[in-house]
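Here is what each chain is made of, one letter per residue.
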Amino acid sequence: MKKVQFKSNYSQYFFLAPQLLILLIFLYWPIIQTFKDAFTMQDAFGFGSQFAGFDNFLFIFSDPSYFTAFKFTIIYSFVITFITGSIGLLLAVQANKVMHGKSTYKTLLIWPYAIAPAVVGVMANYFFSERYGLLHHLFNNLWGFNWYENVFDAYIYVIIAGSWKQISANFIFFLAGLQAIQKTVIEASIIDCKSNIRRFWTITFPLLMPTTFFLIIINITYAFFDTFGIIDTTTIGAPGSETKTLVYKAYIDGFKGLDLGSAGAQSIMMMIIVLVITIFQFRYIEGKIHYN
Amino acid sequence: MKKLISIFVLLVSFAFTSNSYSKTEIHWWYGNSGFLGDVIIEIANRFNESQDEYMVIPTGKGSYEDNMAATIAAFRAGDQPHYSQVYDAGAAIMVAQVKNGVVIGFEEMAEKYGIDVDADNYIPGIKNFYADGDGKMIGVPFNSSTCLMYANMDILNEVGIEEVPKTYEEFEGMAQKILDAGYIPLLQSHSPWIWTENFFSRHNLLMTDGNNGYDAVPTKTLFADTEAFVYHWTKVKEWYEKGYYGYKGRAWGDNQAPFTNGEAAFWFGSAASFGGMKGVLPNFTTNPIPYWDSVTGGKEYPTFIGGAANWILNGHTEEEYRGLAKFIEFMGSPEMDLYYHNMTGYAAVTKGGIELAETINFYRASPYHKAVGDQLGLEGSTIPGGYRAGNWPQIREVIYENVEPMLNGDITVEKALSNMDKGAAKLLKQFAKTL
């Protein structure tokens, strides 16, 4: 194949410049600042700044609540990924079957996706309020629900709050995935196999693997980063620090506690964690997926 | 022609509006919201109407923490306001920033620009809380509160209790009666502030080493080492299990709501909670916070001053500071001080305000307002009137994180308190490195 060569006259740099400038200001510069913060010790106003080596990292590793946040973030992202993925898939499969009023179902199921996490949190707050919360009363009648002090109950609270909106995202992508499957494949499989369920697991689901893989990554990043607003408007990390995600902890230490060194170190740790998870996914999971 | 006229009209209207812009602007950021925020706006409006030279522009930034974070971010960006409200837990940080030229002490500003002010106008106890080691006033006292006990008198009458408890022993004696009548005996809205910091001040006990940070930079808190404190939380846990004390999470309002709705007999909150409760709950009283008779031997000690002060930030012009000094003078006038005291329930902070209150027999007309001054005005303490410990906002977080597992029985009281000490020691050490 013949390669097309453009003559360089630097005009490409001109057209790239706005994009690069935005990246520079909103991405690279903050990252550099974060590294600077993580390796220095300074007071809230930025004075007394001195090189601290790995002191900030040692500080967070000697903090038991950091590991609590780590544990919670891992549990939270796995549970959210699983719940939103499976419910989203179920709804997509059902909505795909509907003959009448298809677009109404679709629209209603997609709506929650447009709501900001903080607003979702405030809504969940009403549902779980001890005074007038419907879900609070329901669970309380079932087993004596009290998220103020019971860790398991607090988990339920933030998991329901965090999942609801993300189910919509999963629904949209699964529905699109389902509609992209060629009719002929489905029709051929109907001749070979009568069982709906078996057909789904052997034909439809494998064909949805690229979508699933994509959604797993999206859901994990969502649970890691975007649930910040939900935690802040629901449990604020209580009881203890059991429902603090890593992002929320970095925020509390950095902006409420005014300790930028520790918050910077936490941000870098978070970057490493996300990097490791993503590499793992691309190396070991993606290899098993067939894109066609 | 029409076009010309409209341009002319536009220009004229600009000329009129720019009238207000020719005044010297003074920016005041605050961390109160709702009713208390409205009162702040009203104060600024009254000042702006009282003279023509200066204009104070108040901007609410959310909570105390939000305002402090916003002020710091603004300072780092070189865009700080002239005057900012910072709360008690941030006082150590602000006082430490005088040497870096972030904060200008009130008296220092007056000297530098030859402004005639009187720092002694403020009550010594409150002035000293926001003063440096030499007693020079740095922060300007503003909304000074402390924790108080609110009592629902209807509930007490119903169960046949005549006197509100003065001590925790008395409370313990009447709690079962209240519980049997179907009410929550006790709620409180801030475990670190009310049942930690002010537990120590109320019982005349030191909270950290280095004389609460006044003599030396503190390295540790004395939670687990203080027998009375261990005893107190052991009792609180016992009350929680018996239902004498109800915990409704960390949110201030969630703990206050059952009391405001007439479901709880006692609630510990701030002196300033009074404004929002008046007119909602028909028959309540404000009282000093109880103490353990067994700990103090019957003596009562004052609590720390809570709430916030206003801090003057560096980096503005002399003319603006002159305006700010005028505004501070205006706010410190007896009439404004009493107005604020009356509206919000915060303590009167000036000598003139207190004198005026006495002259007009204010406390006979409104006995609610008396408890805060009474409690803060107690004498005989041998500990400092505050604490100078850095990273305190995070230490409060550590306290909360250990109270919850303690109440639900995951960890023992001793373990929870030693966890708090450990967490606090690390944060204090971290802060000491930045000094």
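Given the structure is predicted, the values throughout are model-derived calculations rather than measurements. (Residues numbered from 1 in each chain as written. Chains lettered and ligands numbered in written order. Predicted model: local features only at pLDDT ≥ 70, side-chain atom pairs only at ≥ 80, totals over all residues.)

A. Inspection of the packing of helix α7 (residues 151–180) of chain A against helix α10 (residues 209–226) of chain A at higher detail. All names here are of chain A. Interaxial distance between α7 and α10 falls to 10 Å at its minimum, and their mutual angle equals 160°. Comparing their axes, α10 and α7 come out roughly antiparallel. As for how α7 packs across α10, the hand of that crossing is right-handed. Where α7 abuts α10, its residues Gly162, Gln166, Ala169, Asn170, Phe173, Phe174 and Gly177 lie against Thr211, Phe214, Leu215, Ile218, Asn219, Tyr222 and Ala223. Class assignment of the residues belonging to the contact of α7 with α10 gives a composition of 8 nonpolar, 6 polar and no charged. (Axes fitted to C-alpha atoms, helices over the stretch in contact; angles between N-to-C directions. Helix = DSSP H or I, 4+ residues; strand = E, 2+ residues; numbered from the N terminus. Parallel < 35°, antiparallel > 145°, perpendicular 65-115°, else oblique. Left-handed = near helix turned anticlockwise from the far one by under 90°. Contact = placed C-beta atoms within 7 Å. Nonpolar A, V, L, I, M, F, W, Y, C, P; charged D, E, K, R; others polar.)

B. Region of interest: the domain arrangement of chain B. Residues and elements named next belong to chain B. Partitioning chain B into structural domains gives domain 1 (25–145 + 305–368) and domain 2 (147–303 + 392–434). Distance between the C-alpha centres of domain 1 and domain 2: 28 Å. Each partner contributes residues to the interface: domain 1 has 16 residues there, and domain 2 has 13 residues. Looking at the side of domain 1 that touches domain 2, the elements that each hand over two or more residues are α2 (34–50), β5 (140–145), β10 (306–313) and α16 (334–344). (Domains from an automatic or database assignment.)

C. Region of the structure containing the interface of chain A and chain B. On the side of chain B, 28 residues touch chain A, which itself brings 28 residues to the contact. Examining the composition of the side of chain A that touches chain B, we find that 4 residues originate from one element, helix α12 (residues 246–256) of chain A, more than from any other. Residue classes in the side of chain A that touches chain B are distributed as 12 nonpolar, 9 polar and 7 charged.

D. Representation of the pairing of strand β1 (residues 24–30) of chain B in the model. Residue and element names in this part refer to chain B. Burial of β1 is extensive: 5 of the 7 residues sit out of reach of the surface. For β1 and strand β2 (residues 54–60), the ladder comprises 7 bridges, and the chain directions are parallel. Counterpart to histidine 27 in the pairing with β2 is isoleucine 57. A crossover links β1 with its parallel partner β2, the connecting element being α2, and its sense is right-handed. One ladder, built from 2 bridges, connects β1 with strand β3 (residues 83–87); its direction is parallel. Each bridged residue has a counterpart across the sheet, and for tryptophan 29 the counterpart in β3 is serine 84. (Buried ≥ 20, exposed ≤ 12 C-beta atoms within 10 Å, placed from the backbone. Pairing = 2+ DSSP bridges. Right-handed = clockwise from strand over helix to strand, strands pointing away.)

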